[in-house]
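Topology and contacts: notes
Take a look at the letters that make up each chain.
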Amino acid sequence: MGTDILEHYERFQNDHWEAVDFLQRGERPSWSHPAFIERNYNLFGILSDVRSVYTVTPIARYRGLPTDVSPTVAARWAAVAYDDCLFGLSWVGLDELLAFDWEQTITCELKGYPPLTCREAAGRFYQETLPYLRAQVDDPAHLRIVFWFG
């Protein structure tokens, strides 16, 4: 059994954070939407030190819920917080993601794993998700992902 990320997007508008359901638009299956974060253990390691065999300093390791989390995302977490299979509650701002050094090389001590740039390791997230998210806001500080793993 694998580990997936459960991502929830928030946009800062009207002086507070509001949930944004990019994946609920009905335009196409959610797994094909650019905002959908697929299972990618290398990306999970970059985001929060989860499941990757590569060594990297994570961007947002286990921060918990933001203190100013939207009521919608707070309720989503409250509905599942009891589940012992869920872990790694955290969040990251789009501004932090854009400022991250995606060209840094990461390595693995295990035989057969070649060095990669974080950009290569992140795959679809770097190629599709980040550009999509960047296009959703004028100010990258006004969009964030609240996430946990399970």
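Below you will find a few notes about this structure.

Conventions used here
Residues numbered from 1 in each chain as written. Predicted model: local features only at pLDDT ≥ 70, side-chain atom pairs only at ≥ 80, totals over all residues. Heavy atoms only, no water. Phe/Tyr/Trp six-rings, centres within 6.5 Å; stacked < 30°, edge-to-face > 60°. Lys NZ or Arg CZ within 6 Å of the ring centre and 35° of its normal. Helix = DSSP H or I, 4+ residues; strand = E, 2+ residues; numbered from the N terminus. Polar contact = N/O pair within 3.5 Å; in protein donor to acceptor, adjacent residues only side chain to side chain. Contact = heavy atoms within 4.5 Å. Core = buried A, V, L, I, M, F, W, Y, C linked by side-chain atoms within 4.5 Å. Buried < 20%, exposed > 50% of the residue type's maximum accessible area, 1.4 Å probe, protein only.

1. A word on the packing of aromatic side chains
The relative placement of two aromatic rings is captured by the distance of their centres and the angle of their planes. Overall, the coordinates contain 12 aromatic pairs when judged by the stated rule. Here the aromatic residues Tyr-41, Phe-44, Phe-87, Phe-147 and Phe-149 are joined through ring pairs into a cluster of three or more. The ring of Tyr-41 has Arg-51 sitting right over it, with the charged end atom 4.3 Å from the ring centre. Seen from the ring of Trp-91, Arg-144 lies directly overhead, with NZ or CZ sitting 5.7 Å from the centre.

2. A word on the side chain of Ser-48
Tracing the backbone shows Ser-48 in helix 1 (residues 41–48). Here the side chain of Ser-48 touches Ala-60 through a polar contact of 3.3 Å, landing on its backbone oxygen. Excluding residues that lie within four positions of it along the chain, Ser-48 makes contacts with Pro-58, Ala-60, Arg-61, Tyr-62, Gly-88, Ser-90, Phe-147 and Phe-149.

3. Points about the nonpolar core
Nonpolar side chains in soluble globular proteins generally cluster together in the buried interior. Within the largest apolar cluster, 36 residues are counted, with the highest numbers of intra-cluster contacts made by Leu-97, Trp-102, Phe-125 and Ile-145. Elements that contribute at least two residues to this core include exactly strand 1 (5–13), helix 1, helix 3 (94–99), helix 4 (118–122), helix 5 (124–134) and strand 6 (143–149). Each residue touching Leu-97, except ones within four places of it in the same chain, is listed here: Leu-47, Ile-59, Val-92, Trp-102, Phe-125, Leu-130 and Ile-145. Membership of the second largest hydrophobic core comes to 7 residues, among which are Trp-77, Leu-86, Leu-89 and Trp-148.

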